[in-house]
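Listed below are the residues making up each chain.
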Amino acid sequence: MDWLQAMLMGIFQGLTEYLPVSSSGHLAIAGKLLGVEDPDQIMPFTISVHVATVMSTLVILWKEILWLLIGACKHGRDIVPSRYGIRSLNAEQNYLLCIIVSMIPVGIVGLFFKDAIEGVFDNLMVVGICLLVTAALLSFSYFAKPREKEHISMLDAFIIGIAQACAVLPGLSRSGSTIGTGLILGNKKESLAQFSFLMVIPPILGEALLDSKKMIEEGIDAAMSGITPLALIVGFAAAFITGCFACKWMIGIVRRGKLIYFAIYCAVVGLATIIWQLL
C-alpha cells in the first residue's frame, strides 16, 4: 500500500465510520478498487485508522466525555427517573452504565466469533446484501413514529448493543444500526448520535489492542511489509481529519432526521455491488 492508497482508504474510513453507510463495507469495496487485496498485510493501517477515528470522537465530543468523567466521580445523587437506570446512581453514572451494558453483545461476538466474521470480509456479495439491510433499517426508522423517551434505558442500551454486534458484518452500518434501532425503540434523536459514537470507543480500542497483540505475535516486520511508515502517517491523518468533520456532520443530520437519504445511497451501492459480483 502506497501513501496515495493509504490517503484514499483513510478518507473512506473517516467518513464512513460515522455516516450510516458501513465503513467496513466501503473499505472492502475500496480495497478491491484500489488493489489492496491482502488485509493481513495492512493490519498496522487498520489499527491506525481505527484509532484515528476514536481520536476524532474524543475531539468532537470532549465536552460530553468530560461531563461523564466528572459526574462519574461525584458522590452526590441527582434525581433520576426509575426507568432510566439505577436510582442510587447519578445521571452521569447511569449513562456510563448504559454504555457498558451496550458493550456486552459486541464483546461476546468479538471474543468468540471474530475469526469467523473476518472470513466474510472478502465476499462483496455479502457486503452488497448487508448494505441493502442497512438501507431497509434506515428507511424503517425514518418512517416509524414511536413515542420519544426522555432517556436511554438499560434495556434499550442492551438492544442497541445487539444492533452494534450485528454490525460487525461488512455492509451493516454500525452507526446506522445503532441509531436506527434507537429511533425504532423511541429514543430521542438529540441523544442517539452522541450515545452511538461514545458507545463504540471501548470496542474499537479493544479490537485495536487485540490486533496489535496479534501483530506482535506474528512479527512486526512481517506485518509492516505491506505498508510504508509514510503511508501509515498519511492514512492516520486522513482518517482523523475526515472523521472530525463526519462526526460533527452526522450529529446534525440525526437531529434533523435526514437518514432517508443514506438509506437511498446504501440501496444504490448495495445493488451496484451485487450486480458487479454477478457479472
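**Quick word on the overall build of the protein chain**
1) Next: When helices and strands are counted, the protein chain shows 14 helices and zero strands.
2) Next: Beginning at the N terminus, the succession of helices and strands in the protein chain can be written as α-α-α-α-α-α-α-α-α-α-α-α-α-α.
3) Next: A fraction of 79% describes how many contacts in the protein chain between residues 6 or more apart in sequence connect residues 24 or more apart.
4) Next: Of the roughly 13400 Å² of accessible surface on the protein chain, a fraction of 71% belongs to carbon and sulfur atoms.

**Focus on the packing of aromatic side chains**
1) Next: Following the criterion strictly, the structure yields five aromatic pairs and no others.
2) Next: Centre to centre, the rings of tryptophan 67 and tyrosine 95 are 5.9 Å apart; their planes meet at 75°, and the pair counts as edge-to-face. In this pair, tryptophan 67 sits in helix α4 (residues 62–72) while tyrosine 95 sits in helix α5 (residues 91–112), placing the two residues 28 residues apart along the sequence.
3) Next: The class of tryptophan 67 is partly exposed, set by a relative accessible area of 38%.
4) Next: Taking the centre distance of 6.4 Å and the plane angle of 65° together, the rings of tryptophan 249 and phenylalanine 262 count as edge-to-face. Taken together, the residues tryptophan 249 in helix α13 (residues 229–256) and phenylalanine 262 in helix α14 (residues 260–278) connect sequence positions 13 residues apart.
5) Next: On the basis of relative accessible area, phenylalanine 262 is assigned to the buried category, the value being 12%.

**Details of the nonpolar core**
1) Next: Ranked by size, the top nonpolar core spans 45 residues in total, and within it Phe195, Phe197, Leu198, Met250 and Leu259 carry the most contacts.
2) Next: Beyond its immediate stretch of four places on either side in the chain, methionine 250 contacts Tyr18, Leu19, Pro20, Ile179, Phe197 and Leu259.
3) Next: In this structure, Met9, Ala30, Phe45 and Ala231 belong to the second largest nonpolar core, which totals 13 residues.

**Thoughts on a nonpolar patch on the surface**
1) Next: A cluster of nonpolar residues, Ile104, Ile108, Leu111, Phe112, Phe113, Phe158 and Ile162, forms a patch on the protein surface that exposes about 710 Å² of accessible area.
2) Next: Counting only elements with at least two residues in the nonpolar patch, the list comes to α5 and α8 (154–166).
3) Next: The leading source of residues in the nonpolar patch is α5, at four residues.

**Considering the pattern of salt bridges**
1) Next: Summed over all chains, the structure comprises one salt bridge.
2) Next: Where arginine 174 meets glutamate 17, a salt bridge forms, and the shortest distance between an N and an O atom there is 3.5 Å. In this pair, arginine 174 is assigned in helix α9 (residues 174–184) and glutamate 17 in the loop between α1 (3–16) and α2 (23–34), connecting sequence segments 157 residues apart. Pair check on accessibility: arginine 174 and glutamate 17 agree, each one buried.

**Structural notes on the state of the cysteines**
1) Next: All chains considered together, the criterion is met by zero disulfides.
2) Next: Free of any disulfide, cysteine 244 has its nearest cysteine sulfur in cysteine 247, 7.7 Å distant.
3) Next: On the basis of relative accessible area, cysteine 244 is assigned to the buried category, the value being 14%.

**Focus on the packing of α2 against α14**
Packed helices, taken two at a time, are described by their axes: the angle between them and the distance between them.
1) Next: It is the contact of α2 with α14, at a shortest axis distance of 12 Å, that shows an interaxial angle of 45°. Viewed along their axes, α2 and α14 adopt a mutual orientation that is oblique. Handedness of the α2/α14 crossing: left-handed. Residues His26, Ile29, Lys32 and Leu33 of α2 form the contact with α14, whose own contacting residues are Tyr265, Val269, Thr273 and Trp276.
2) Next: Considering only residue class, the contact of α2 with α14 consists of five nonpolar, two polar and one charged.

**Here's the deal with the side chain of serine 141**
1) Next: Structurally, the position occupied by serine 141 is in helix α7 (residues 124–143).
2) Next: Of note is the side chain of serine 141, whose polar atom sits 2.9 Å from the backbone oxygen of leucine 138.
3) Next: Beyond its immediate chain neighbours, meaning those up to four positions away, serine 141 contacts Gly180, Leu183, Ile184 and Leu259.

**Let's talk about α9**
1) Next: Across the 11 residues of α9, 10 count as buried, placing the element largely inside the fold.
2) Next: The set of residues buried in α9 consists of Arg174, Ser175, Gly176, Ser177, Thr178, Ile179, Gly180, Thr181, Gly182 and Leu183.
3) Next: In the core, the buried residues of α9 are packed alongside α7, α8, α10 (189–199) and α13.
4) Next: Once α9 ends, the next one or two residues include glycine 186, with phi positive near 95°.

**A few points about the confidence of the model for the protein chain**
1) Next: Looking at the protein chain as a whole, the pLDDT averages 81, with 86% of positions reaching at least 70.
2) Next: Looking across the protein chain, the model is least confident in helix α12 (residues 220–223), with a mean pLDDT of 60, and most confident in α8, with 92.

Thresholds, definitions, all that
- Residues numbered from 1 in each chain as written.
- Predicted model: local features only at pLDDT ≥ 70, side-chain atom pairs only at ≥ 80, totals over all residues.
- Heavy atoms only, no water.
- Helix = DSSP H or I, 4+ residues; strand = E, 2+ residues; numbered from the N terminus.
- Contact = heavy atoms within 4.5 Å.
- Areas by Shrake-Rupley, 256 points an atom, 1.4 Å probe, with all protein chains shown as cover.
- Phe/Tyr/Trp six-rings, centres within 6.5 Å; stacked < 30°, edge-to-face > 60°.
- Buried < 20%, exposed > 50% of the residue type's maximum accessible area, 1.4 Å probe, protein only.
- Core = buried A, V, L, I, M, F, W, Y, C linked by side-chain atoms within 4.5 Å.
- Patch = residues over 30% accessible without salt bridge, like charges linked within 9 Å, V, L, I, M, F, W, Y side chains within 5 Å.
- Salt bridge = Lys/Arg side-chain N within 4 Å of Asp/Glu carboxyl O.
- Disulfide = S-S within 2.5 Å.
- Axes fitted to C-alpha atoms, helices over the stretch in contact; angles between N-to-C directions.
- Parallel < 35°, antiparallel > 145°, perpendicular 65-115°, else oblique.
- Left-handed = near helix turned anticlockwise from the far one by under 90°.
- Nonpolar A, V, L, I, M, F, W, Y, C, P; charged D, E, K, R; others polar.
- Polar contact = N/O pair within 3.5 Å; in protein donor to acceptor, adjacent residues only side chain to side chain.
- pLDDT = per-residue confidence, 0-100.

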